[in-house]
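# Structural description and commentary
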Amino acid sequence: MLQKFLSALADNVVILNLGLILLTILVAAIIGTIMLLTIISRPIPFYALNSINVFKVDEVNLNIQGLDNLYKENKIKCLTYTKLVIWNGGTRHIKSKDVSCLEFRTRGENVKIIAPPQVIGDSNDRDSKNKKLLAVSSNTDGSYRIQLKRLKYRQGAVIQIIHTGIDSNNIKVSGIVNKTKILKAEPLYIEKIDKKIITWLDFLDRFFLIIICLPIFYLSIVSIREKDFVVAILSIIGYVSLVLLMFLSEIKEVPKSLRKYFFA
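Residues numbered from 1 in each chain as written. Predicted model: local features only at pLDDT ≥ 70, side-chain atom pairs only at ≥ 80, totals over all residues. Heavy atoms only, no water.

Turning next to the packing of aromatic side chains. Enumeration according to the criterion identifies 3 aromatic pairs in this entry. Here Phe 104 and Tyr 144 contribute two aromatic rings whose centre-to-centre distance is 5.5 Å and whose plane-to-plane angle is 10°, an arrangement assigned as stacked. One end of the pair, Phe 104, is in strand β6 (residues 99-106); the other, Tyr 144, is in strand β9 (residues 144-148), and 40 residues separate them in sequence. The exposure class of Phe 104 is buried, given its relative accessible area of 0%. (Phe/Tyr/Trp six-rings, centres within 6.5 Å; stacked < 30°, edge-to-face > 60°. Helix = DSSP H or I, 4+ residues; strand = E, 2+ residues; numbered from the N terminus. Buried < 20%, exposed > 50% of the residue type's maximum accessible area, 1.4 Å probe, protein only.)

Here you go:
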């Protein structure tokens, strides 16, 4: 009786194809989970810079007679307001003992920080009971050390830096977290683009990804049907890799909990 039932299922093309699709999705989910956990199951420190040039004195820009811009009785030609955001893109927590020489300094001729840098917001601000995640202290060589207590997945903080440079290129950030160099991320400047446009761009990215993935997904199903499991597994790995590529690109974006401080 059972043999007849299984034979009938095997002869039903619709059920057979549906079973192959479900099997492919299951295998892809297992491989994808393993690959994802392998990639992000460690602390991944990211940083990004966002600068606003308050003024720049030159022949073309700002040169008003009678107006002097002084800092400690010295004229300054530029004033820039920079925000530095640091966060953990990995699932493993970043602890204070994991951090080695996490700091920032100015670069460029005669570029100086003219006000003590300070933390203006972090992921814990919603809970007043929690203390600040980051702290900033000055070093004797003119650089500033970043101290942290513990950063969970997608947690971080925003530091305010006021300096005499032109833009973000005048701030250098460096450091090692658990043998991993802090990585620079290119933030999505949502304040300069309408949110509806971003929504459509995200939709188009996913749409084109699906179009690219469909032939690979179909190849894996056909390979399973033909019992060519080597090609099937390779196809599934390729399919999963494309999906993970989209996911990992989102990890490099500034966390939502920090955007109101970073972009404001």
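Structure's up, so let's keep going.
Turning to unusual backbone geometry, a few remarks are in order. Excluding glycine, residues mostly carry a negative phi; peptide bonds, for their part, are mostly trans. For Asn 110, which is not glycine, the phi torsion reads 60° and is therefore positive. Within the element layout of this structure, Asn 110 appears in the loop between β6 and β7 (118-122). Asn 110 sits in the exposed class, given a relative accessible area of 64%.

This paragraph deals with the pairing of strand β12 (residues 171-177). Along β12, the buried face is formed by Ile 171, Val 173, Gly 175 and Val 177; none of Lys 172, Ser 174 and Ile 176, which line the opposite face, is buried. Across 6 bridges, the pairing between β6 and β12 is antiparallel. If you follow Ser 100 over to β12, its bridge partner there is Ile 176. Across 2 bridges, β12 lies against strand β13 (residues 180-181) in antiparallel orientation. Bridging from a neighbouring strand, Ile 176 pairs with Lys 181 of β13. (Pairing = 2+ DSSP bridges.)

A cluster of basic side chains, namely Arg 92, Lys 95, Lys 97, Arg 150 and Lys 152, defines a positive patch on the protein surface. With respect to the helices and strands, the residue Lys 152 is situated in the loop between β10 (150-151) and β11 (156-163). Exposure remark for Lys 152: the relative accessible area of 41% places this residue in the partly exposed category. (Patch = residues over 30% accessible without salt bridge, like charges linked within 9 Å, V, L, I, M, F, W, Y side chains within 5 Å. Areas by Shrake-Rupley, 256 points an atom, 1.4 Å probe, with all protein chains shown as cover. Salt bridge = Lys/Arg side-chain N within 4 Å of Asp/Glu carboxyl O. Lys, Arg positive; Asp, Glu negative; His and termini not counted. Charge placed at Lys NZ, Arg CZ, Asp CG, Glu CD.)

Taken together, the 5 strands give an open sheet; going across it, the order is β8-β9-β6-β12-β13, and neighbouring strands pair in antiparallel fashion. The sheet terminates laterally at β8 (134-138) and β13, the two strands that pair on one side only.

Residue position: Ile 40 is located in helix α2 (residues 13-40). The sequence separation of Ile 40 and Ile 251 amounts to 211 residues, and the corresponding C-alpha distance is 9.6 Å. Not counting the four nearest positions on each side in its chain, Ile 40 is found in contact with Gly 90, Thr 91, Arg 92, Leu 248 and Ile 251. (Contact = heavy atoms within 4.5 Å.)

Before going further, it helps to spend a moment on the pattern of salt bridges. Using the criterion set out here, one finds 3 salt bridges in the structure. Residues Arg 259 and Glu 253 are paired through a salt bridge, measuring 3.3 Å at the closest nitrogen-oxygen approach. Accessibility expressed as a relative area gives 24% for Glu 253, which makes it partly exposed. Beyond isolated ion pairs, a larger network of salt bridges with shared partners links Glu 103, Arg 105 and Asp 141.

Let us look at the sheet that holds strand β4 (residues 78-88). Taken in spatial order, the 5 strands line up as β7-β11-β4-β1-β14 in an open sheet, and their pairing is mixed. Of all the strands in the sheet, the pair left with one neighbour each is β7 and β14 (183-184). Pairing of strand β1 (residues 45-56) with β4 involves 11 bridges; the strand directions are antiparallel. By the bridge assignment for β4, Lys 56 is matched with Cys 78.

As for its position among the elements, Ala 135 is in strand β8. When the C-alpha positions of Ala 135 and Leu 148 are compared, they lie 6.3 Å apart, and in sequence the two are 13 residues distant. Apart from residues lying up to four places away in sequence, Ala 135 is in contact with Val 119, Arg 145, Ile 146 and Gln 147.

The quantities given are spatial measurements derived from coordinates; they are silent on function.
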